[in-house]
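Secondary and tertiary structure notes
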Amino acid sequence: MHMEMNALDDVESQVLDLANQAIGHQAGGDYRQAAQRWAQAIALADTGMHDDEIRYWLRSGIADAHYRLGQDEACIAAAREARDWCRHHQAPLAALLLGQALYRSGRVQAALEALEEARSMIGAEFLDAIDHVHRDAIAELMTARAA
């Protein structure tokens, strides 16, 4: 039992180290390296931390890196995996990324549903969280939808 706990602690330590590296790369604007570190952390967590919720947090991180790289399908897949966990924790990131990636890929109705979910969590600052490139168009669509 003690060896199993040490092995789990070691895996968790490695996963957190990779996640911290990913965050550092993202903060520095190196989204390709960030995505690689997130992917390594996810692979390790999926094999060594089966029941740990950190696996969903990691997916929201890689979704962000994929979004910033313009990899919409990869972003959508990761954000969908993280969405329920994020919703449960009132964390809007997965819904924001999902909505924006869906919007960018032309799936406007599905995008608006995800973005409405994010807006319900964020409130008045919602538009500040939207990529400035699409902010005005999304705001118009959401206003028209509410009318």
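Our structure is the block above this text.
For the structure given in this document, a descriptive report is provided here.

Definitions and limits used
Residues numbered from 1 in each chain as written. Predicted model: local features only at pLDDT ≥ 70, side-chain atom pairs only at ≥ 80, totals over all residues. Heavy atoms only, no water. Helix = DSSP H or I, 4+ residues; strand = E, 2+ residues; numbered from the N terminus. Buried < 20%, exposed > 50% of the residue type's maximum accessible area, 1.4 Å probe, protein only. Contact = heavy atoms within 4.5 Å. Areas by Shrake-Rupley, 256 points an atom, 1.4 Å probe, with all protein chains shown as cover. Phe/Tyr/Trp six-rings, centres within 6.5 Å; stacked < 30°, edge-to-face > 60°. Lys NZ or Arg CZ within 6 Å of the ring centre and 35° of its normal. Core = buried A, V, L, I, M, F, W, Y, C linked by side-chain atoms within 4.5 Å. Disulfide = S-S within 2.5 Å. Lys, Arg positive; Asp, Glu negative; His and termini not counted. Salt bridge = Lys/Arg side-chain N within 4 Å of Asp/Glu carboxyl O. Polar contact = N/O pair within 3.5 Å; in protein donor to acceptor, adjacent residues only side chain to side chain.

Moving on, we come to the overall build of the chain. In terms of regular secondary structure, the chain is built from seven helices and zero strands. Reading the chain from its N terminus to its C terminus gives the helix and strand order α-α-α-α-α-α-α. Viewed in the frame of its principal axes, the chain has a C-alpha envelope of about 60 × 30 × 25 Å. A total of 147 residues make up the chain; the buried ones form 38% of that total. If you take every contact in the chain between residues at least 6 apart in sequence, the share linking residues at least 24 apart comes to 55%. In the form shown here, the chain has an accessible surface area of approximately 8000 Å², with 52% of it arising from carbon and sulfur atoms.

Let us look at the packing of aromatic side chains. To describe a pair of aromatic rings, one takes the distance between the centres and the angle between the planes. Enumeration according to the criterion identifies one aromatic pair in this entry. Residues W38 and W57 carry aromatic rings whose centres are separated by 5.5 Å and whose planes lie at 85° to one another, so their mutual orientation is edge-to-face. One end of the pair, W38, is in helix α2 (residues 31–48); the other, W57, is in helix α3 (residues 54–68), with 19 residues separating them in the sequence. Directly above the aromatic system of F126 lies the positively charged group of R119, at a separation of 5.9 Å from the ring centroid.

Another aspect to go through is the nonpolar core. Core analysis: the biggest nonpolar cluster contains 38 residues, and V15, W38, L58, L115 and F126 have the highest contact counts within it. No other element matches helix α5 (residues 93–104), which puts seven residues into this core. Once you skip the residues sitting within four places of it in the chain, F126 turns out to touch L96, L115, A118, R119 and M142.

This paragraph deals with the state of the cysteines. Under the criterion given, the structure shown has zero disulfides. Free of any disulfide, C75 has its nearest neighbouring cysteine sulfur in C86, separated by 12 Å.

Structurally, S60 can be placed in helix α3. Excluding residues within four positions of it along the chain, S60 makes contact with A82, C86, L93 and L97.

What follows covers the side chain of R37. With respect to the secondary-structure elements, R37 resides in helix α2. Buried and unpaired, R37 has D17 as its nearest opposite-charge partner, separated by 7.7 Å. A distance of 2.9 Å separates the side chain of R37 from the side chain of Q21, its partner in a polar contact. Other than its neighbours up to four places away in sequence, R37 contacts L18, Q21, A22 and H25.

By themselves, these figures tell us nothing about what the structure is for.
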